[in-house]
Amino acid sequence: MSHHIAVIGGDGIGPEVVQVALDVVRAAGVSLDAADYDLGGSRYLRTGEVLPDSVLDELRDFDAILLGAVGTPEVPPGVIERGLLLRLRFELDLYVNLRPFRCGPGRHNDGVDFLVVRENTEGAYAGEGGFLRRGTPLEVATQGSVNTRTGVERCIRYAFGLARSRDRRHVTLVHKTNVLTFAGDLWQRAFDDVALEHPEIATAYHHVDAACIYLVQDPGRYDVIVTDNLFGDILTDLGGAVAGGVGRAASANLNPSRSGPSLFEPVHGSAPDIAGTGTADPRAAIMSAVMMLEFLGESEPASRIRKALAESDDVAGSTSEVGEAIAGRI
Ligand code: IPM
Ligand code: MN
């Protein structure tokens, strides 16, 4: 059976790392029927289009979407991020952004193995807010955080479900309940309610500022972290930095109800400064493709790629050399 995959290479190093990820997946014997979509900053600069409705509708019919990175320095901030990436997350109801962090033996922070479940459709990303008197000395800008009980609870439920399948069975809620007393209260109550249904799972709560210290000083303490969209964005860059660099950080934007495709992408951006040099680390993209295979039920080839990745942990070299080393070990 062949999986029907939409590939959005995007900008900068995006197409380079995605190509290597696809090569590795094929080296593992998985048959992919991949359709390329030209979307991102360079398409926008050429045509003025970010994500036409007709393209969005086509994307709904795929089994999964693999994305490299989008964004170019020439495009003002927000155009591609909101118009393409966030629009896909919202329209496809990709409500969990799952980001695993793991350090193999012999690496800095050896033994670290935690997952961040980042709420992916609400919070400060929802776009609530606006300007008053913009451009005048008396201007006002507000930007609210939207937290629905349904949206928060389904994400927390996902985190507990994940923790059940792991050895340590531990979930930490990260928020800022001492200051964000409305949103934080809703998150805490939803968390406590779901925790009551899971007596087999241990829980903790950390304020986000404290969690930043723990992530640097003692990342091994975490198993599953669940948090809101903006805290999750920031914590997962930090997670990448403490767990081997952002070139290794993968993510899955999941629609767990499977009413449409899920989207898999590295945590890193398009890195225009190194685009075309062939030096980007393809590991984050390869691991994102592994998460895609797992979500598609291809757990056997996925685990072979995982093993090859782990065995190639110390391989240095160009984007294609690292890819070939991993493909060669499968
Ligand atoms: C990420 C990125 C995006 C985000 C940007 C590009 C909109 O930083 O996936 O973490 O903030 O979610
Ligand atoms: Mn980010």
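Residues numbered from 1 in each chain as written. Chains lettered and ligands numbered in written order. Predicted model: local features only at pLDDT ≥ 70, side-chain atom pairs only at ≥ 80, totals over all residues. Heavy atoms only, no water.

Participant: What exactly am I supposed to notice about the site of ligand 1 here?
Facilitator: Around ligand 1, the structure places E81, L85, R89, R99, R118, Y125 and D233. At 2.7 Å from an oxygen atom of ligand 1 is found a side-chain nitrogen or oxygen belonging to R89. R99 places a side-chain nitrogen or oxygen 2.8 Å from an oxygen atom of ligand 1. Burial of ligand 1 by the surrounding chains reaches 77%, relative to a free accessible area of 320 Å². The pocket occupied by ligand 1, as judged from atoms lying within 2 Å of grid points, is the second largest pocket. Ranked by residues supplied to the shell around ligand 1, first place goes to helix α4 (residues 79–91) with three residues. (Near = heavy atom within 4 Å. Polar contact = N/O pair within 3.5 Å; in protein donor to acceptor, adjacent residues only side chain to side chain. Areas by Shrake-Rupley, 256 points an atom, 1.4 Å probe, with all protein chains shown as cover. 1 Å grid on protein atoms, 1.4 Å probe; cavity = no way out; pocket = protein on both sides within 12 Å on 5 of 7 lines; lining within 4 Å. Sits in = over half its atoms within 2 Å of the grid points. Helix = DSSP H or I, 4+ residues; strand = E, 2+ residues; numbered from the N terminus.)

Participant: Can you walk me through the packing of helix α5 (residues 149–164) against helix α6 (residues 183–196) in this structure?
Facilitator: In helix packing, the relevant descriptors are the interaxial angle and the interaxial distance, both defined with respect to the helix axes. Where α5 meets α6, the axes come as close as 9 Å, and the angle between the chain directions of the two elements is 45°. Taken together, the axis directions place α5 and α6 in an arrangement best described as oblique. Like other packed secondary-structure pairs, α5 and α6 cross with a definite hand, here right-handed. On the side of α5, the interface is formed by R149, V152, E153, I156, R157 and F160, while α6 contributes L186, W187, R189, A190, F191, D193, V194 and A195. The residue makeup of the contact of α5 with α6, split by class, is nine nonpolar, no polar and five charged. (Axes fitted to C-alpha atoms, helices over the stretch in contact; angles between N-to-C directions. Parallel < 35°, antiparallel > 145°, perpendicular 65-115°, else oblique. Left-handed = near helix turned anticlockwise from the far one by under 90°. Contact = heavy atoms within 4.5 Å. Nonpolar A, V, L, I, M, F, W, Y, C, P; charged D, E, K, R; others polar.)

Participant: Looking at this structure, I do not really get unusual backbone geometry. What am I missing?
Facilitator: Apart from glycine, the bulk of residues carry a negative phi angle, and the bulk of peptide bonds sit in the trans form. Here D93, not a glycine, exhibits a phi torsion of approximately 50°, which is positive. Checked against the element boundaries, D93 lands in the loop between α4 and β4 (96–102). Exposure remark for D93: the relative accessible area of 27% places this residue in the partly exposed category. Phi at A271 is positive, roughly 40°, even though this residue is not glycine. With respect to the helices, strands and loops of the structure, A271 is situated in the loop between β12 (262–266) and α9 (283–295). (Buried < 20%, exposed > 50% of the residue type's maximum accessible area, 1.4 Å probe, protein only.)

Participant: I'm lost on the sheet that holds β4 in this one. Help?
Facilitator: Strand pairing in a sheet takes place through backbone hydrogen bonds and is either antiparallel or parallel in direction. Pairing is mixed in the open sheet, where 10 strands are placed in the order β2-β1-β3-β12-β11-β4-β5-β10-β8-β9. Two strands close off the open sheet at either side, each with one partner strand: β2 (32–36) and β9 (202–207). Averaged over neighbouring strand pairs, the angle between their axes works out to 25° when direction is ignored. In the sheet, strand β1 (residues 3–10) pairs with strand β3 (residues 64–69) via five bridges, with the strands oriented parallel. By the bridge assignment for β3, I8 is matched with L67. Packing against the sheet, helix α1 (residues 14–27) makes contact with β1, β2 and β3, and its axis sits at approximately 135° to β3. Taken strand by strand, α4 contacts β1, β3, β4, β5 (113–119), β11 (250–254) and β12, and its axis lies near 140° from that of β12. (Pairing = 2+ DSSP bridges.)

Participant: How should I be thinking about the pairing of β11 in this particular structure?
Facilitator: Remember that side chains alternate between the two faces of the sheet whenever the strand is regular. Burial analysis of β11 places five of its five residues in the buried class, which makes it a mostly covered element. Of the pairings in the sheet, the one linking β4 to β11 comprises three bridges and is antiparallel in character. Looking at the pairing, V96 lines up with L254 of β11. Pairing between β11 and β12: four bridges, direction antiparallel. By the bridge assignment for β12, A250 is matched with P266.

Geometric descriptors of this kind do not, in isolation, establish any biological role.
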